[in-house]
Amino acid sequence: MSNKMWGGRFASGPDAIMEEINASIDFDRHLYRQDIQASKAHAAMLAQQGIITADDASKISQGLDTILSEIESGKLEFRRALEDIHMNVESRLSELVGPAAGRLHTARSRNDQVATDFRLWMRASVDALDLALADYQKALAEKAFAHAGTVMPGFTHLQTAQPVTFGHHLLAYVEMAARDRGRFKDARLRANESPLGAAALAGTGFPIDREMTALALGFDRPMANSIDAVSDRDFVLEALAAASITAMHLSRFAEEIVIWTSPLAGLVKLSDKFTTGSSIMPQKRNPDAAELVRAKTGRIVGALTALLIVMKGLPLAYAKDMQEDKEGAMDAIHALSLCIAAMAGMVRDLEPDKARMRAAAGDGYSTATDLADWLVRELKLPFREAHHITGRIVASASEKNLLLHEMPLAAMQAIEPRITEAVRAGLSVDNSVKGRVSQGGTAPDNVRREAERWLKLLK
């Protein structure tokens, strides 16, 4: 038989495969809170405007509260034949309150209904992600403060470059997360407009009050154009774009954790909380949490790409293609939530091997730039000339299999006669990081101040 919700035009029901491809209840059931919230606001507005009676509005509201309770307790069985969350709720409402339920859909369409529900869901999700990112930042800042003076190798091209502090390295991810939160904030701002009342695409002839429903649902304003209101999915794309960049940042850190925990590097250790073993090799401790964060970035970026491809060929206004906006996005937001929580947990759990870090920081002639800077500062050489002289000294040290600070003064003076014993003070990794006092530099005092600043902001 035809679907009683929209079947007046149809004499028979859909083919089984049509029902299968058309149903969205398997994933849009997650919108039940938002669907009920928006329906209550719509019913209250209809009554306020005299479009339905106050008695009908009261019955609708009470019935929706009952449905909410039934869903949350697991008592309501969703039916795929009813396609989506909207029709499942409306069908149950009809069973509970009778003809009054049929008046709820006055002056709205599933087009503006789903757009409203999904905006509410995405808004709540973005708020939750912001809180999670703030906790991640706090974990990073706390660890950075504790290790403001812990020296480690800084890398470019994954080659030892200059000594930095572990705290300084961690604070870089605090800054990244701050930009991530900013992007989500911007996305939320543009998403916070109400499509409700746009109906199918042209608006409605009923004297509705869109300002009332927008206010009731916490939106800043109604959307200005009814066609745009039902056909826009920018709010999903922007959130997924922010999510993709966030996931990319997390993945970069996860990659570093994988490298650092390898016995070849041995710079940090993770406890049993965030590692797993091997089914065959009893000695193994695998950084699986970090690896999974790295991997889940693919599905998050994939959700953004998939929706961009869905939307890029759609004419205005609504098309059923847009049903594909939810499943991937919901999966991506869930995956990102897991990734943020896992990274915050790993940050709090990981412990650096200070001795190994400090030793590695001195490898690869990492204080060569400090030698060049000394030549500029003390001998007043142009930096390019100092760079050339330093390169020759490094080459000589490498031939002798010596570290820079181990080079005999006479050997350095053979290349630049004006070098004095005072140069050695700047060639240790500790003095190197202490000397990087420029704003944003790695000097331990800088790192402590910056970590304290972030911890105050994150209270």
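Calculation notes
The residue numbering used here restarts from 1 in each chain and proceeds along that chain's sequence as written. Where totals are concerned, whole chains, interfaces and linings use all residues; where local detail is concerned, this predicted model gives features only for residues with pLDDT of at least 70, and gives and counts side-chain atom pairs only at 80 or more. For the side-chain quantities, the full set of heavy atoms in the structure was used; hydrogens and water were omitted. To qualify as a nonpolar core, a set must consist of buried Ala, Val, Leu, Ile, Met, Phe, Trp, Tyr and Cys residues joined through side-chain atoms within 4.5 Å. Burial status follows relative accessibility: with a 1.4 Å probe on protein chains alone, a residue under 20% of its type maximum counts as buried, one over 50% as exposed, and anything between as partly exposed. Working definition: helices are DSSP H or I runs of at least four residues, strands are E runs of at least two. Numbering for both runs from the N terminus. Residues are treated as being in contact if the distance between any of their heavy atoms lies within 4.5 Å. The definition of a polar contact used here is a pair of N or O atoms within 3.5 Å, where within protein one atom must be able to donate a hydrogen and the other to accept one, and adjacent residues in sequence count solely through side-chain atom pairs. Between any two strands, pairing holds if DSSP finds at least two bridges. The term salt bridge refers to a side-chain nitrogen of Lys or Arg lying within 4 Å of a carboxyl oxygen of Asp or Glu.

Draft legend 1. Structural view of the nonpolar core. The biggest cluster of nonpolar side chains holds 95 residues, and the ones touching the most others in it are Phe118, Met122, Tyr136, Phe253, Leu336, Met343 and Met346. It is helix α10 (residues 234-261) that contributes the most residues to this core, 14 residues altogether. Residues in contact with Met346, not counting those within four places in the same chain, are Ile257, Leu270, Phe274, Ala289, Ala290 and Val293. The next biggest cluster of nonpolar side chains, apart from the first, holds 21 residues, and it includes Leu371, Trp374, Leu375 and Ala386.

Draft legend 2. Structural view of the side chain of Thr116. Secondary-structure assignment places Thr116 in helix α6 (residues 110-146). At 2.7 Å, the side chain of Thr116 forms a polar contact with the backbone oxygen of Asp112. Filtering out sequence-adjacent residues up to four positions away, Thr116 remains in contact with Ala38, Pro195, Leu196, Leu217 and Phe219.

Draft legend 3. Looking closely at the pairing of strand β1 (residues 151-156). Taken together, the six bridges between β1 and strand β2 (residues 159-165) define a ladder with antiparallel strand orientation. Looking at β2, one finds that Val151 is bridged to Thr165. Adjacent in sequence and paired antiparallel, β1 and β2 are bridged by two residues, among which His157 carries a positive phi angle near 60°.

Draft legend 4. Inspection of the pattern of salt bridges at higher detail. Taken as a whole, this structure holds 32 salt bridges when the rule is applied. One salt bridge in this structure joins Arg110 and Asp84, with 2.7 Å as the shortest N-O distance. Of the two residues, Arg110 sits in helix α6 while Asp84 sits in the loop between α4 (54-72) and α5 (85-97), which places them 26 residues apart along the sequence. A relative accessible area of 7% places Asp84 in the buried class. In this structure, the salt-bridge partner of Asp135 is Arg348, at a minimum N-O distance of 3.0 Å. Taken as a pair, Asp135 in helix α6 and Arg348 in helix α12 (residues 327-349) lie far apart in primary sequence, 213 residues in all. Judged by relative accessible area, which is 33%, Asp135 ranks as partly exposed. Salt bridges here are not isolated pairs; linked through shared partners, they connect Glu70, Arg79, Arg92 and Glu95.

Read these as spatial facts, not as claims about activity.
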